[in-house]
Amino acid sequence: MLEVTPTPQQTVHTFCRYCLASCGVDVTVEAGRVVKISADKQNPHSWADFCAKGRTAAQLVDHPRRITTPMRRVGERYVEATWDEAIADIAKRMSAAIEAGGPDAVATYTGNPAGFSSSNLLFMTGWLDAIGSQNRYYVGSVDQNNLHVVAQAMYGSQLFVPVSDVDNCDFFLLVGANPAVSAWNWVESVPGGWQRALTRQRQGAKIVVVDPVRTESAAKADIHVAIRPGQDWALLLGMIKVIFDEGREHPADCRDLALGTSELRSLAAAADLDDLAARCDVPRADIESLARDFAAAPGAMVVTRTGVSLHLAGTIGEWLGHVLNVITGRMDRPGGRRFERGYVDSLKLAAFAKPVDHRSRLQGRPMVAGHHGLDELPDEITTEGPGQIRAMVINAGNPVVSGPDGARLDAALAQLDLLVVIDFLQRESHRHAHWLLPAAHWLERDDLLALTSGLHDEPYVQYGRRAVDPPGQARPEWQFFLDLTLAMKRPFLGMKGLNGFVKATRRVAKLTRRPSLAFGPHWIDRIIVASSRGITWRAVMEHPHGWVFGRREFGYLRTALRTDDKKIHVAPAEFVARTHELLAEPHPNAPEGLPFQLANSRRRHSMNSWLNDIPGLHPSGKDNRAVINPKDAVALGITDGDRVRVFSPIGEVVLTAEVSDRPRPGVVIVDHGWGSRVFDPSGGGEPISFGVNRNLLVGGSPVDPLSQTPALSSAYVGVERVTSQPRADAKTP
Ligand SMILES: Nc1nc2c(c(=O)[nH]1)N[C@H]1C(S)=C(S)[C@@H](COP(=O)(O)OP(=O)(O)OC[C@H]3O[C@@H](n4cnc5c(=O)[nH]c(N)nc54)[C@H](O)[C@@H]3O)O[C@H]1N2
Ligand SMILES: Nc1nc2c(c(=O)[nH]1)N[C@H]1C(S)=C(S)[C@@H](COP(=O)(O)OP(=O)(O)OC[C@H]3O[C@@H](n4cnc5c(=O)[nH]c(N)nc54)[C@H](O)[C@@H]3O)O[C@H]1N2
Ligand code: SF4
Ligand SMILES: [Mo]
């Protein structure tokens, strides 16, 4: 009998790169395949956090529909090709588009996951700078643009984000955030942040959650303020008014740290508390007591998230959240928001980048954080004229589902001469792709996320090791962007001579048979670490579980400010002007026939639009529902399990109703991220899809004029019952 030798198992310590929580994971590998992923209990930073999305990551790696080789569209089918063929064809077609229409004829859309791979972002930028296109779109205008606008105006850098000092906080004011589900991360990360906040609560801290929905976080809060969607600015301005009127501000910080306190006072004085209370639908007395308690707490913080940003007044809401922190002395103090230096001065690096004053061709809008608003993309593709987009790359994104008016964007994408997608699977936004390119998963690539090092709540570094090799021809995005640049014969990063150097390193690598000598992101990682604060390459390598290389320190915020006068600008003129406009607007009122506001919540097992099809996730059901308050349900004759039509002026979706008092009356929750099809480009099977795309109901315009964000979480819709027949899968009440 043949003796079978068991394949040795190996454990790789690395971290999950699905979200900024960056949870340390132990990946067990056998015969080149991942067999288990568990939390790395030895990770000194993130051990407290870990979720089912990270645990099941191998199911995406081994997805039966995964794209593992470049695929070219031929009619309605896809055929396999080599990378050389793909790059030659894409380079030729893009060069032709640029020759005919100028550099802006080529555009990009970059999705959220690209933010967790520094090599992807850097090399894509290197290619974009090489070809000179400014037609750059990204997820920011449907996510965190408002934060960048506020950070630039108040702190002098769009990347300036103070981190939360959760463990010392006595009063958490969480506005439009659901950390019990989404983890404590947006453009900052506190691992296990929600559990740590609950620990503080047990020690006497207060948690206030402001949310139109009684979320998992709101259910555990001391106070839940069920605000009207889109009106956080009114609540926060009301609190600021009370604080000034009653002299509860921090006098020294208002005088020495802040610039513009008197303009702020005038703005608050111009507002009427009863008017603000009516706008946000929070009783005046509640605003007053919230303001008093917040100001009186020894350590306190306002935390704002996507619930504030995805609205037409999102920038003003975000700004006023920061203002509350500043005027009550929460900046750089225990229990408030602190500046974390990290190991790289990313603010300094960002300041080197030359600001580009590029206007969108049709609407003449400026860029926000280096990108144009997603709502502008369809017209920029379909409207003829010089600078019309003819070729496009979608890099780690699904904008037809994640952005507004997906139907319009879908129709526009169909008109491109060239659509290139780099992803694991062919999803909704990729259905018109001419080329599908196989990307490497984080389990298959090395990452040093240096630019986000200051977004963790303590000095922390971990080298994200790959656990397995990518399957087939899949490779990290940077290789594609570098090869494309060379093939297009344009200077990488716009720097003359760089291409020759890259080619020379490749020749040396080939001759010496040492692939690492070829230019790649590992060169940049080394340079970054060599010029960093507090760490060395060797020490990073000696800490495979991650390394907390210092203590949480205070006292660096002031020097880190990038404003000329080293003050926090609390009353930027454009924000004050916009607030006056908002104050002059009539009170929020639903249009005729569309009495509901469409809210959204995240789920633990979803990651925006892209983990819903993973078999091991969503044991309680793979779809999204229209969650409606019992009062509204009675009025509409809707009962649990009914099929309902949710409609807006631009579209409709039909789904199952769930009657629940989680949303406040007048609000219907339909989770975003569902309804994206997963196609089968190699097998030709039927697309798989779960739930409906609720963003088909949200129009691209109007947008918040400051951040260019549409009203993704407050659009007005109507709801009606389609049939009273319960579906087989309806939940029993
Ligand atoms: N109504 C409503 N709309 C929203 C939101 C909301 O709360 N409500 N949230 C918004 C927010 S915060 C966000 S971030 C956006 C998300 O918007 P997007 O970033 O556009 O979309 P995702 O759903 O994250 O899709 C990401 C795609 O990247 C692929 N991918 C994952 N990892 C990698 C990788 O390493 N490399 C490559 N090449 N591809 C990869 C996935 O397979 C998937 O196809 O949605 C926004 N839209
Ligand atoms: N499980 C899971 N975790 C995730 C993600 C995921 O998709 N799934 N996505 C990651 C990403 S990309 C991001 S950006 C972060 C986002 O992190 P969060 O912003 O904390 O995300 P949400 O859980 O959507 O919480 C937003 C809350 O705002 C509420 N809200 C909506 N409109 C309003 C409003 O007008 N005012 C107020 N006050 N509240 C409002 C919603 O009801 C919701 O509860 O989460 C990250 N973590
Ligand atoms: S997806 Fe889950 S495991 Fe991965 S980093 Fe985020 S919270 Fe951690
Ligand atoms: Mo996001």
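Before reading on, note that the structure itself is shown above.
Attention in this report is confined to the structure presented alongside it. Keep in mind it's a predicted model, so treat the numbers as computed, not measured.

### Digging into the sheet that holds strand β25 (residues 667-669)
The six strands are arranged β21-β25-β22-β24-β23-β26 in a closed barrel whose pairing can be described as mixed. When the angles between neighbouring strand axes are averaged without regard to direction, this sheet yields 45°. When strand β21 (residues 596-599) meets strand β26 (residues 716-723), the two strands line up antiparallel, connected through two bridges. By the bridge assignment for β26, glutamine 597 is matched with tyrosine 716.

### Describing the site of ligand 1
Near ligand 1 lie 33 residues; those nearest to it are Tyr109, Asn112, Asp423, Glu477 and Ser609. Within the backbone of alanine 396, a nitrogen or oxygen atom sits 3.3 Å from an oxygen atom of ligand 1. Computed on the free molecule, ligand 1 has an accessible area of 920 Å², of which 98% lies beneath the protein chains in the complex. Contributions of two or more residues to the shell around ligand 1 are made by α18 (399-402) and β16 (418-423). Class assignment for the residues of the shell around ligand 1 results in 13 nonpolar, 13 polar and seven charged.

### Digging into the pattern of salt bridges
Tallied over the entire structure, the rule returns 50 salt bridges. Between arginine 427 and aspartate 613 there is a salt bridge, with its nearest N and O atoms 3.6 Å apart. Taken as a pair, arginine 427 in the loop between β16 and β17 (435-438) and aspartate 613 in the loop between β21 and β22 (626-628) lie far apart in primary sequence, 186 residues in all. Residue arginine 427 shares its accessibility class with aspartate 613, and that shared class is buried.

### Focus: the site of ligand 3
The local shell around ligand 3 consists of Cys16, Tyr18, Cys19, Ala21, Ser22, Cys23, Phe50, Cys51, Lys53 and Gly54. In terms of residue class, the shell around ligand 3 is built from seven nonpolar, two polar and one charged.

Reading the values: rules and limits
- Residues numbered from 1 in each chain as written.
- Chains lettered and ligands numbered in written order.
- Predicted model: local features only at pLDDT ≥ 70, side-chain atom pairs only at ≥ 80, totals over all residues.
- Heavy atoms only, no water.
- Pairing = 2+ DSSP bridges.
- Helix = DSSP H or I, 4+ residues; strand = E, 2+ residues; numbered from the N terminus.
- Axes fitted to C-alpha atoms, helices over the stretch in contact; angles between N-to-C directions.
- Near = heavy atom within 4 Å.
- Polar contact = N/O pair within 3.5 Å; in protein donor to acceptor, adjacent residues only side chain to side chain.
- Areas by Shrake-Rupley, 256 points an atom, 1.4 Å probe, with all protein chains shown as cover.
- Nonpolar A, V, L, I, M, F, W, Y, C, P; charged D, E, K, R; others polar.
- Salt bridge = Lys/Arg side-chain N within 4 Å of Asp/Glu carboxyl O.
- Buried < 20%, exposed > 50% of the residue type's maximum accessible area, 1.4 Å probe, protein only.

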